[in-house]
Amino acid sequence: MKKKNDKDLRHTLGILVENQPGVLSRVAGLFSGRGFNIESLTVAETADPNISRITLVTIGDERIVEQIVKQLNKLINVIKVIDFTSTDFVNREMALIKVKADAETRAEVLRISDIFRGKVVDVSPHSYTIEVTGNEDKIGAIMNLLKQIGIIEVVRTGKAAISRGKK
Amino acid sequence: MKLTGAQIFFECLKKEDVKVIFGYPGGAVLDIYHEMRNHDIRHILVRHEQGATHMADGYARATGKVGVCLVTSGPGATNTVTGIATAYMDSIPIVVFTGQVPTPLIGNDAFQEVDIVGITRPCTKHNYLVKDVRDLARIIAEAFYLARSGRPGPVLVDLPKDVIQGETEFRYPKKLNLRGYKPNLEAHPKQIERAGKAILSAKRPVIYAGGGVISSSASSLLHELATMLQIPVTTTLMGLGGFPAVLEKDQGTQELHPLWLGMLGMHGTFRANMAVSNCDVLIAIGARFDDRVTGKLSEFAPKAKIIHVDVDPTSISKNVPVHIPIVGDCKDALKKFIEFFKSEKLGDIAKKRDSWLSRINEWKKTYPLAYEERNDVIKPQFVVEKIYELTRGKAIISTEVGQNQMWVAQYYHFTKPRTLLTSGGLGTMGYGFPAAIGAQVAFPDKIVFDVAGDGSIQMNIQEMTTAVTNNLPVKIAILNNSYLGMVRQWQELFYERNYCATCLSGSPDFVKLAEAYGAVGFRATKPDEVEPIIKKALETDKPVIMDFVVEPEEGVYPMVPAGKAITEMLLV
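A. Highlighting the overall build of chain A. Secondary structure assignment for chain A yields four helices and nine strands. In sequence order, chain A lays out its α and β elements as β-α-β-β-α-β-β-α-β-β-α-β-β. Overall size of chain A, expressed as C-alpha extent along the three principal axes, is 55 × 45 × 40 Å. The 167 residues of chain A split such that 40% are buried. Contacts in chain A between residues at least 24 apart in sequence constitute 72% of all its contacts with a sequence separation of at least 6. Per element, the accessible surface of chain A, about 9600 Å² overall, is 52% carbon and sulfur. Within chain A, one finds 26 positive and 21 negative side-chain charges whose respective centroids are separated by 4 Å.

B. Expanded view of the pairing of strand 3 (residues 51–59) of chain A. Residues and elements named next belong to chain A. For strand 3, the buried fraction is high: eight of the nine residues fall into the buried class. Alignment of strand 2 (residues 40–45) against strand 3, held across six bridges, turns out to be antiparallel. Opposite Ala 44, over in strand 3, you have Arg 53 as the bridge partner. Here strand 2 hands over to strand 3 after five residues, the two strands then running antiparallel side by side.

C. Representation of helix 11 (residues 219–229) of chain B within the structure. Residues and elements named next belong to chain B. Of the positions making up helix 11, those classed as buried are Ser 219, Leu 221, Leu 222, Leu 225, Ala 226 and Leu 229. In an axial view of helix 11, the angular spread of the buried residues amounts to 160°, which keeps them on one side of the axis. Looking one or two residues past helix 11, Gln 230 carries a phi angle of roughly 55°, positive in sign.

D. Region of interest: the sheet that holds strand 9 (residues 205–209) of chain B. Residues and elements named next belong to chain B. The strand order across the open sheet built from six strands is 11-10-9-12-13-14, with neighbouring strands paired in parallel fashion. Single-partner strands in this sheet number two, and they are strand 11 (260–263) and strand 14 (324–327). Each strand axis lies, on average, 15° off the axis of its neighbour in the sheet, ignoring direction. Most of the contacts of helix 11 go to strand 9, to which it runs at about 170°, and overall it touches strand 9, strand 10 (233–235) and strand 12 (281–285). This element, helix 14 (residues 330–342), spans strand 12, strand 13 (305–310) and strand 14 of the sheet and lies at about 125° to strand 13.

E. The arrangement of the confidence of the model for chain B in detail. The share of residues in chain B with pLDDT of 70 or more is 100%, and the mean pLDDT across the chain is 97. Interface scoring of the predicted complex returns ipTM 0.93; its pTM is 0.96.

F. Summary view of the pattern of salt bridges. All names here are of chain B. The final tally for this structure, using the stated rule, is 39 salt bridges over all chains. In this structure, Arg 148 and Glu 16 form a salt bridge, with 3.0 Å as the shortest nitrogen-oxygen distance. Highlighted residues: Arg 148 in helix 7 (residues 136–148) and Glu 16 in the loop between helix 1 (5–15) and strand 2 (20–23), separated in sequence by 132 residues. A relative accessible area of 42% means that Arg 148 is categorised as partly exposed. Among the residues examined, Glu 16 registers a relative accessible area of 17% and is labelled buried. The partner of Arg 61 in a salt bridge is Asp 57, and the shortest N-O contact between them spans 2.5 Å.

G. Quick look at helix 1 (residues 23–33) of chain A. Every buried residue of helix 1 of chain A is listed here: Val23(A), Arg26(A), Val27(A), Leu30(A) and Phe31(A). Down the axis of helix 1 of chain A, the buried side of the element spans an arc of 130°, and every buried residue falls inside it. Turned more than 90 degrees away from the buried face of helix 1 of chain A sit Ser32(A) and Gly33(A), all of them exposed. Where the residues of helix 1 of chain A are buried, they touch strand 1 (10–18), strand 3, helix 2 (62–74) and strand 4 (78–83) of chain A together with strand 6 (126–129) of chain B.

H. Region of the structure containing the nonpolar core. Residues and elements named next belong to chain B. With 75 residues, the main nonpolar core has Ile 207, Met 546 and Phe 548 as its most contacted residues. For this core, the element with the highest residue contribution is helix 14, accounting for seven residues. Excluding its chain neighbours within four sequence positions, the residues that come into contact with Phe 548 are Val 383, Ala 477, Ile 478, Leu 479, Asn 480, Ala 524, Val 530, Ile 533 and Ile 534.

I. How the structure looks around the sheet that holds strand 3 (residues 42–45) of chain B. All names here are of chain B. Strand order in this open sheet of six strands is 3-2-4-5-7-6, and the pairing throughout is parallel. At either end of the open sheet lies a strand with only one pairing partner, and these are strand 3 and strand 6. Shown here is a sheet whose adjacent strand axes are inclined to one another by a mean of 20°, direction ignored. Pairing analysis gives four bridges linking strand 6 to strand 7 (residues 155–160), with the strands arranged parallel. By the bridge assignment, Tyr 128 is partnered in strand 7 with Val 157.

J. Quick look at the interface of chain A and chain B. On the side of chain B, 21 residues touch chain A, which itself brings 20 residues to the contact. Considering only the surface of chain A that becomes buried against chain B, Arg26(A), Arg63(A) and Ile76(A) emerge as the three largest contributors, covering 42% of it. One can count two salt bridges joining chain A with chain B. We note a salt bridge from Lys74(A) to Asp312(B), for which the minimum N-O separation is 2.7 Å. Going through the elements one at a time, helix 1, helix 2 and strand 4 of chain A are the ones with two or more residues in the side of chain A that touches chain B. Broken down by element, the side of chain A that touches chain B gets its largest block of residues, six residues, from helix 2 of chain A.

K. Region of the structure containing the packing of helix 12 (residues 270–278) of chain B against helix 15 (residues 349–366) of chain B. Residues and elements named next belong to chain B. At their nearest, the axes of helix 12 and helix 15 sit 8 Å apart, and the two run at 140° to each other. The angle between the axes of helix 12 and helix 15 places the two elements in the oblique class. Seen along the crossing, helix 12 lies across helix 15 with a hand that is right-handed. Of the residues in helix 15, those in contact with Phe 270, Arg 271, Met 274, Ala 275 and Asn 278 of helix 12 are Trp 356, Arg 359, Ile 360, Trp 363 and Lys 364. Across the contact of helix 12 with helix 15, the residue classes tally to six nonpolar, one polar and three charged.

What counts as what
Residue positions are counted from 1 within each chain, in the order its sequence is given. By the order in which they are written, chains take letters starting at A while ligands take numbers starting at 1. Given that the model is predicted, a residue must reach a pLDDT of at least 70 before its local features are reported, and side-chain atom pairs must reach 80 or more before they are shown or counted; all residues, however, enter totals for whole chains, interfaces and linings. Calculation of side-chain values draws on the structure's entire complement of heavy atoms; hydrogens and water are dropped beforehand. Strands are runs of DSSP state E lasting at least two residues, helices are runs of H or I lasting at least four, and both sets are numbered from the N terminus onward. To sort residues, take the accessible area from a 1.4 Å probe on protein chains only and compare it with the maximum for the residue type: under 20% means buried, over 50% means exposed, and anything in between is partly exposed. By the convention used here, residues are in contact when the closest approach between their heavy atoms is within 4.5 Å. Each accessible area is a Shrake-Rupley estimate made with a 1.4 Å probe; only the visible protein chains count as cover when residues are assessed. Here the positive residues are Lys and Arg and the negative ones are Asp and Glu; neither His nor the chain ends is included. Where a charge lies is defined by one atom per residue type: Lys uses NZ, Arg uses CZ, Asp uses CG and Glu uses CD. Two strands qualify as a pair provided that DSSP identifies no fewer than 2 bridges between them. Picture the helix axis, draw a direction to every C-beta atom, and the arc is the one those directions span. Here the axes come from fitting lines to C-alpha atoms, over the contacting stretch only for helices, and the angles between their N-to-C directions go from 0 to 180 degrees. As a per-residue measure, pLDDT tells how confident the predictor is, with possible values from 0 to 100. Take a side-chain nitrogen of Lys or Arg and a carboxyl oxygen of Asp or Glu: if they are within 4 Å of each other, that pair is a salt bridge. We define a nonpolar core as any set of buried Ala, Val, Leu, Ile, Met, Phe, Trp, Tyr and Cys residues linked to one another through side-chain atoms lying within 4.5 Å. When two parts are put together, the accessible area they lose, computed with a 1.4 Å probe and summed over both, is reported as buried area. With respect to orientation, any angle under 35 degrees is reported as roughly parallel, any angle over 145 as roughly antiparallel, any angle of 65 to 115 as roughly perpendicular, and every other angle as oblique. Take the far helix as the reference: if the near one is turned anticlockwise from it by less than a right angle, the crossing is left-handed, and if turned clockwise, right-handed. All amino acids are sorted into three groups, where Ala, Val, Leu, Ile, Met, Phe, Trp, Tyr, Cys and Pro are nonpolar, Asp, Glu, Lys and Arg are charged, and the leftover types, Gly among them, are polar.

Written out as structure tokens, the structure is:
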């Protein structure tokens, strides 16, 4: 049998919380206090300004993730927790990649960016900054290509996830 | 009409039927203290804020109501942390009000400022910083509701000075809107049926009950279920009193309840640990499979199908995988179980249970709880037995933490819920005495005993002033072995008898100490002095310290070494 690797144990959770001060700290504190992992975390207001949505990626076997979901639900300010992992969902993250771009490489950087449907959002004499959106694999792929040219700095947002609409 | 924050504070307490608060004033809460004269509420002035939280906790455990404390900002607030964590681990409903610097100063490192909401976030059920006086009434209402509902626990409300001084219309919310908090109290009938069928086919069932049985006032239902099906019962430390160790008619004798196994776990009885390890169905009710109960997890109840009733879903399958989970209030689940079994044909249950109960009886006879009786030196277990004999069924007993606590758990036969106050989860030395004071405040006419060690009693001895000035005649029995006894026992067994830092020579003369506080002190050094002194203490209407000078190197047995299976008991 294939050994489970980290990717198999990865769970993407959607957490709806009251939009109040300190809520993020309760969620983050729960993970650190109980020894759970946070791979990535994004948070922002939803369509309802009283509710925020956290998308959190964590690693753990079924039992640990079950405990994480229960513990999150136990927080008074948490309204709902969705484990996307076994469901049909769309997930995206955005990366801003500042990459070396001199006379020789500028064209190649643009080509790569185009292939990944990236956008150049800042230009300087020695660099381009590219905005690219996609799932983890896509971001990983463009980064691998740009690494060969020379990445100066990367900022990634972490994963945002939403379930697919009913068909 | 507009009210100030301080007035609203007292109006809210009135709505919550709070009769007493345990507190200590300071700059940030002066407006509340100033307003207090206009309200009919009893304030117990403590001598350390930790004492206030333990008193509120003891009050809550003894009565089932929410305990309340009020302290100032900064150090006043940080001093409550141990008491809050104690209540959190044992699921005790208290509401702690802390003062805070005025909102414009928050974050500026102001005098006596501390982020107490941040500090207590992991050890409260929930906490609040009130930023606007218009939110005050709603937040207090939520705090009380959260503290007592579902799985109970401590809630902290931080009150900035300008919020207390601010004014608004007072409206106490009739309905609370906590959309993220909906405790599931009702046990699912399908799960009850599944569990019920498993119990019916069980040959060797055991009930393992915890503090949840007490906090949901379900102990008489537990007794009904156990006797109906003739299932033996063990409890956790927190569950003691949830099942009668002695039947009422046997109070005069030493007869234990035929279904009573005693406490299980690290210092559990031989029969309880053997029964759990050999049972085929384990019915856990309001317990959480703590490591002091289970020992080595993989060998806990290895032959059993496990049924687990708990109001908190996170408790289920946290440590031990559960076969039949039942989320719900213990009381509701027990009621439904009893209804279920009433509609089933039970047959001759006594006959069916005969071989299992006689096997348990064998274990009981082979290794009963025992200690070597001596007439030259006082055995600590003997003191606990005497306290039991002289107070049985009538007293509230609190303990400190360590050997004193375990000897009480083993040798005091609790028969009623809410008669044992002890820090089970956190294991807080210094808990017992203030908790006893809190219980005595609630029940001025009851006998309240704190069984202490010479180490732990010194951790909150300052509350003797609180006891004396408020005429709270708590009786303290110090089992004085001049050691941190439990730690010494571990050093004896697992650290080459290297008694590093556990010898407590140099303690004060506890008799003189009692007298210095205006209380009464007695000392016993011989076994035949024990009973007369307890009797004298019971006749005294003041707080009493009884200093029992006991065998210094006595140990608590049975003992399961940490990490071992609970069948691997060290016996005497």
